[in-house]
Structure formats: C-alpha cells, structure tokens
Amino acid sequence: MKRRAIGLVVGLWLAGAALAETDESPHLVGLMGDMQRFAHKLQLSLDAENALLADFYAHELGGAIAAVGQIDSYSDYPVGRLTTSTLSPLLKKLIAGLDAGDLPRADKAFDALLEGCNRCHAMTEHDYIRVQRNPANPYLQNFSAAP
C-alpha cells in the first residue's frame, strides 16, 4: 500500500512537471472558476444592496484577476496581460463606486466588467464562453445585509 501511494505521488508530480514545461497553464480553468464564483457572489451582493459584502467579493475577485495576470500565455494567447489590461481598470471603477457608497454606479460598473470578460474571451477565440448576470442563488448564503 505504501509503495502504491509513493508511486501515485511520483506519478502526479511527473504529470505536473510535464504540464509545467509547456506554455499551457492547467490552473487557468480553476482561476477562471474562482473569478466566476466571486463575480456571481459580487452580483448577488449588489442585487441585495449589501455594499459591505459586495466590497468583500470585489476584492476577492481582484485577487483572482491578479492571479490570472501572472499567467504568461495559454494557447498562445497572453491571457495574463489581456486579463490585467481589460479587467483591472473595470474592477477599479466598480470598487470606486462602492467606496463612494454609490451602488447604482457600482452595479453599472459590474455590467461593464462582465462585458470586459466577454471581450477578452472574444480576443482569445473563446467567445463561446459568455458570461452574464444570473439572479439565481445556488449558494448556502444569504446576501442581504445583516440586521
């Protein structure tokens, strides 16, 4: 049993090393999933007019955008540079709206952020991936402000 576990660990390490040698970034999909989750929770927070929670998720989204920004290329596209140049300024506008206490402005900036996601997907020939608002709450979370 111990030999199998060691073999599994070595095999997984070798597979990871082989992926790391290519210009592909296997963790991009995971980071995009993080971005999608944080963006959706941000939208639900904005919909519930919970500025404090929206600010929290905006900053979490910013961390995911920064992580994607560290990826040099994916399928020969400079996804890191594109993500940073496209989404970071849009997120800053959203955060500025939140900081000003202007939820309608932040909400409008959120829509622009989603449009930025779709533009980036189009630039990388991934326009079959389209993001849009979704009012459904699949989370075990209440997004309204605490009483």
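Residues numbered from 1 in each chain as written. Predicted model: local features only at pLDDT ≥ 70, side-chain atom pairs only at ≥ 80, totals over all residues. Heavy atoms only, no water.

1. Focus on helix H3 (residues 51-69)
Alright, step 1. The terminal C-alpha atoms of H3, which comprises 19 residues, lie 26 Å apart, in line with the 27 Å expected from a rise of 1.5 Å per residue.
Alright, step 2. If you follow the buried residues of H3, they end up packed against helix H2 (28-47), helix H4 (79-99) and helix H5 (103-123). (Helix = DSSP H or I, 4+ residues; strand = E, 2+ residues; numbered from the N terminus. Expected span 1.5 Å × (residues − 1). Contact = heavy atoms within 4.5 Å.)

2. Overview of the nonpolar core
Alright, step 1. Of all hydrophobic cores here, the largest spans 32 residues; its most connected members are Leu42, Leu46, Leu61, Leu94, Leu98, Phe110 and Leu113.
Alright, step 2. Listing elements by their share of this core, those giving two or more residues are H2, H3, H4 and H5.
Alright, step 3. Not counting chain neighbours up to four residues away, the residues in contact with Leu61 comprise Met35, Phe38, Ala39, Leu42, Leu91 and Leu113. (Core = buried A, V, L, I, M, F, W, Y, C linked by side-chain atoms within 4.5 Å. Buried < 20%, exposed > 50% of the residue type's maximum accessible area, 1.4 Å probe, protein only.)

3. Section: the state of the cysteines
Alright, step 1. In the structure shown here, the tally under the stated rule is 0 disulfides.
Alright, step 2. Note on Cys117: no disulfide assigned, nearest cysteine sulfur contributed by Cys120 at a separation of 7.8 Å. (Disulfide = S-S within 2.5 Å.)

4. Let's talk about the packing of aromatic side chains
The geometry of an aromatic ring pair is captured by the separation of the ring centres together with the interplanar angle, meaning the angle of the planes.
Alright, step 1. Within the structure shown, the criterion is met by 3 aromatic pairs.
Alright, step 2. Between the aromatic rings of Phe56 and Tyr57, the centroid separation amounts to 5.0 Å while the plane-to-plane angle is 75°, which identifies the pairing as edge-to-face.
Alright, step 3. On the basis of relative accessible area, Phe56 is assigned to the partly exposed category, the value being 43%.
Alright, step 4. Centre to centre, the rings of Tyr57 and Phe143 are 6.4 Å apart; their planes meet at 45°, and the pair counts as tilted. With Tyr57 in helix H3 and Phe143 in the segment after H5, this pair connects stretches of sequence that are 86 residues apart.
Alright, step 5. Judged by its relative accessible area of 7%, Tyr57 falls in the buried class.
Alright, step 6. Through a chain of ring-to-ring contacts, the aromatic side chains of Phe56, Tyr57, Tyr139 and Phe143 assemble into a single cluster.
Alright, step 7. One Lys or Arg, Arg37, reaches over the ring of Phe38 and ends 4.7 Å from the middle of that ring. (Phe/Tyr/Trp six-rings, centres within 6.5 Å; stacked < 30°, edge-to-face > 60°. Lys NZ or Arg CZ within 6 Å of the ring centre and 35° of its normal.)

5. Concerning the side chain of Thr86
Alright, step 1. Note that Thr86 resides in helix H4.
Alright, step 2. Separated by 2.8 Å, the side chain of Thr86 and the backbone oxygen of Leu82 make a polar contact.
Alright, step 3. Those residues within four positions of Thr86 in sequence are excluded, and the remaining contacts are Gly116, Arg119 and Met123. (Polar contact = N/O pair within 3.5 Å; in protein donor to acceptor, adjacent residues only side chain to side chain.)

6. Focus on the environment of Gly116
Alright, step 1. As for its placement among the helices and strands, Gly116 is situated in helix H5.
Alright, step 2. By relative accessible area, Gly116 is classed as buried at 0%.
Alright, step 3. Sequence separation of Gly116 and Thr86 is 30 residues, and the distance between their C-alpha atoms is 6.1 Å.
Alright, step 4. Sequence-distant contacts of Gly116, that is, excluding residues within four places in its chain, are made with Thr86, Leu87 and Leu90.

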